Amino acid sequence: MKTIVLGVTGSIAAYKAAGLTNQLIKLGYDVHVVMTTAATSFVLPLTFQTLSRNPVITSLFSSDSQFEIEHISLAERCDLLLIAPATANIISKIACGIADDFLSTFALTMGSQILIAPAMNTRMWHNPILQENIQRLEQRGVQFVTPEYGCLACGVKGDGRLASFERIIDAVGMTLLKENVLQGKTVLITAGPTLEMIDPVRYISNPSSGKMGYSLARVAKRMGARVVLISGPVCLDIPFGVEMHDVTTACQMRDKVMKYIELADIFISAAAVSDYMPVEVSKEKLKKGADEITLSLQSTPDILREVAVNKGNKIMVGFAAESHNIVENAVKKLKEKNLDLIVANDISREDIGFGADQNEVTIIDKRGGQERVPLLAKEQVAEYILRQVVGVIQK
Ligand code: C5P
């Protein structure tokens, strides 16, 4: 069981730390809460004590010897110090090595195993002194879950809202489960659908959710890679620590891929790229008229095929979404596109189709080797795929 020390500081978002504690406990983490004095003005320590089922530390000194032993051993056991919400004050204190309460003192003992989720007024967040302090900490390996844009407690809209629980928990998992099998490698991933405009308000697309590509990005990051994700329009959170580029059309996706491909050691094409786009995009909305109209389409660039032509030592992974003769068609595609691996999935099955949280695939390598991956969460499927990639690197 991993031990997380959750530092709660005096931001109005301190109440959200109670929900966060609850979720971390449900995920099986051992959570020990440390509160600054200001935080105790917003939420009672008893709330955290009840939720975490552990004593809450609110000061540096105590006459209770049991307590002294407890918090010395805590420093030894702690796998990650998560500070959420973090005020400008605690961030700047840690950046300057100031240790004037339990939380800042504890932070000094933690090296870089610190994850900070700031929450504050937007002007404070954009203050250059704070930003310099954040940069300083980042250079030392401290990680940040950047705050979000939205309505703030002071009534204004701006950057500064505490990141969502999903993003914070994603970052916690990423930090604690980190491996180094892909350390030093850059993985370029495409994900989601593309949209091919017909006129200003209509387009051709498909229902790809982007979940498979985003799961691959998340797992590749966790395995220690630098990850560049190029995504069509989807409704998913950006995976923690991933470099993100949004695109809309197949041509834009192609241009972005070409821009970053030189950096990549591994290219994974998980996007459901439209095969055709309108020959012309009407500048004006097409009027309703004839009962039947004809739309002229032309093929989009085949990004994966283009990249694979000059692949060199790069590892290329494609997807084959098939409805029949799945493995045969996938093998054909692997050869045609000069790939190292292809992931075949059956789109005729509703339980693993577009938008599903699970997938069941067959991974095929260029020597004809096949691995059947059972029905699993897409993140677990991503792990299978990336372990195969690691296998190709090691061959
Ligand atoms: O040729 P087909 O579309 O079936 O091949 C699927 C694979 O090729 C997927 O990995 C997909 O991301 C990629 N692809 C691409 N550019 C296209 C069409 C598909 O990169 N225009």
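Residues numbered from 1 in each chain as written. Predicted model: local features only at pLDDT ≥ 70, side-chain atom pairs only at ≥ 80, totals over all residues. Heavy atoms only, no water.

Peer 1: Can you explain the pattern of salt bridges? Please cite residues and give values.
Peer 2: All told, the structure shown has 24 salt bridges when counted by the stated rule. With a shortest N-O distance of 3.8 Å, arginine 77 and aspartate 30 are connected by a salt bridge. Of the two residues, arginine 77 sits in helix H4 (residues 65-77) while aspartate 30 sits in strand S2 (residues 30-35), which places them 47 residues apart along the sequence. Relative accessible area serves as the criterion here: at 16%, aspartate 30 is assigned to the buried category. The partner of glutamate 148 in a salt bridge is arginine 167, with the nearest N and O atoms 2.8 Å apart. Separated by 19 residues along the polypeptide, glutamate 148 in strand S6 (residues 148-151) and arginine 167 in helix H9 (residues 165-176) bring together distant segments of the chain. A single network of salt bridges, built from pairs that share partners, joins Asp170, Glu179, Arg218, Arg222, Glu379, Glu383 and Arg387. (Salt bridge = Lys/Arg side-chain N within 4 Å of Asp/Glu carboxyl O. Helix = DSSP H or I, 4+ residues; strand = E, 2+ residues; numbered from the N terminus. Buried < 20%, exposed > 50% of the residue type's maximum accessible area, 1.4 Å probe, protein only.)

Peer 1: Hey, could you go over the sheet that holds strand S17 (residues 341-346) for me, with residue numbers and the actual values?
Peer 2: Across the sheet, eight strands lie side by side as S12-S11-S8-S13-S16-S17-S18-S19; this open sheet has mixed pairing. Each end of this open sheet is capped by a strand with a single partner; those strands are strand S12 (243-246) and strand S19 (370-377). Taking the axes of each pair of neighbouring strands and ignoring which way they run, one obtains an average angle of 20° across the sheet. Examined bridge by bridge, strand S8 (residues 186-191) and strand S11 (residues 226-231) share six bridges and lie parallel to one another. (Pairing = 2+ DSSP bridges. Axes fitted to C-alpha atoms, helices over the stretch in contact; angles between N-to-C directions.)

Peer 1: Can you explain the packing of H9 against helix H10 (residues 211-222)? Please cite residues and give values.
Peer 2: At their nearest, the axes of H9 and H10 sit 8 Å apart, and the two run at 40° to each other. Classified by the angle their axes make, H9 and H10 are oblique. Residues Asp170, Gly173 and Met174 of H9 touch H10, and the partners they reach there are Arg218, Lys221 and Arg222. Class assignment for the residues of the contact of H9 with H10 results in one nonpolar, one polar and four charged. (Parallel < 35°, antiparallel > 145°, perpendicular 65-115°, else oblique. Contact = heavy atoms within 4.5 Å. Nonpolar A, V, L, I, M, F, W, Y, C, P; charged D, E, K, R; others polar.)

Peer 1: Tell me about the domain arrangement of the protein chain, and please be specific about residues and values.
Peer 2: How large an interface is tends to be reported as the accessible area lost when its parts come together. The domain architecture assigned to the protein chain consists of domain 1 (3-177) and domain 2 (186-281 + 294-394). The gap between the C-alpha centroids of domain 1 and domain 2 is 37 Å. Residue-level contacts link 13 residues of domain 1 with seven residues of domain 2. Where domain 1 abuts domain 2, roughly 730 Å² becomes buried across the two surfaces, and 66% of that area is made up of carbon and sulfur atoms. Contact with domain 2 buries surface across domain 1, with Asp170, Met174 and Leu177 losing the most and accounting together for 63% of the total. Notably, a salt bridge pairs arginine 218 with aspartate 170, separated by 2.9 Å at the nearest N-O pair. Secondary-structure elements contributing two or more residues to the side of domain 1 that touches domain 2 are strand S5 (143-144) and H9. It is H9 that contributes the most residues to the side of domain 1 that touches domain 2, seven residues altogether. Among the residues making up the side of domain 1 that touches domain 2, the classes are represented as six nonpolar, four polar and three charged. (Domains from an automatic or database assignment. Buried area = accessible area lost by both parts, 1.4 Å probe.)

Peer 1: How would you summarise a nonpolar patch on the surface if you had to cite specific residues and measurements?
Peer 2: A cluster of nonpolar side chains, Ile12, Tyr15 and Phe42, forms an exposed patch at the surface whose accessible area comes to about 330 Å². Secondary-structure assignment places phenylalanine 42 in helix H2 (residues 37-42). On the basis of relative accessibility, which here comes to 42%, the residue phenylalanine 42 falls in the partly exposed class. (Patch = residues over 30% accessible without salt bridge, like charges linked within 9 Å, V, L, I, M, F, W, Y side chains within 5 Å. Areas by Shrake-Rupley, 256 points an atom, 1.4 Å probe, with all protein chains shown as cover.)

Peer 1: Tell me about unusual backbone geometry, and please be specific about residues and values.
Peer 2: The omega torsion across alanine 84 and proline 85 is -5°, close enough to zero to call that bond cis. Within the fold, proline 85 resides in strand S3 (residues 80-86). The phi torsion at asparagine 325 lies on the positive side, around 40°, for a residue other than glycine. By relative accessible area, asparagine 325 is classed as partly exposed at 46%. The backbone of asparagine 338 sits at a positive phi, close to 60°, despite the residue not being glycine. Its place among the elements puts asparagine 338 in the loop between helix H13 (326-336) and S17.

Peer 1: A description of the UniProt feature "active site" (unreviewed entry) in the protein chain should follow, citing residues and the corresponding values.
Peer 2: UniProt tags Cys154 as "active site" (unreviewed entry). Locating cysteine 154 in the fold gives a position in the loop between S6 and strand S7 (157-161). Classification of cysteine 154 by relative accessible area gives partly exposed; the value is 48%. (UniProt positions renumbered as here; feature names shortened; annotations may be inferred.)

Peer 1: Tell me about the site of the ligand, residues and numbers included.
Peer 2: In the vicinity of the ligand there are 13 residues, among which Ser269, Ala271, Pro301, Phe319 and Lys333 approach most closely. One nitrogen or oxygen atom from the main chain of leucine 304 is found 2.9 Å from an oxygen atom belonging to the ligand. Taking lysine 333, its side chain carries an N or O atom lying 2.4 Å from an oxygen atom of the ligand. With the chains in place, 85% of the 450 Å² that the ligand exposes on its own is no longer accessible. Going through the elements one at a time, helix H12 (303-309) and strand S16 (315-322) are the ones with two or more residues in the shell around the ligand. Considering only residue class, the shell around the ligand consists of six nonpolar, three polar and four charged. (Near = heavy atom within 4 Å. Polar contact = N/O pair within 3.5 Å; in protein donor to acceptor, adjacent residues only side chain to side chain.)

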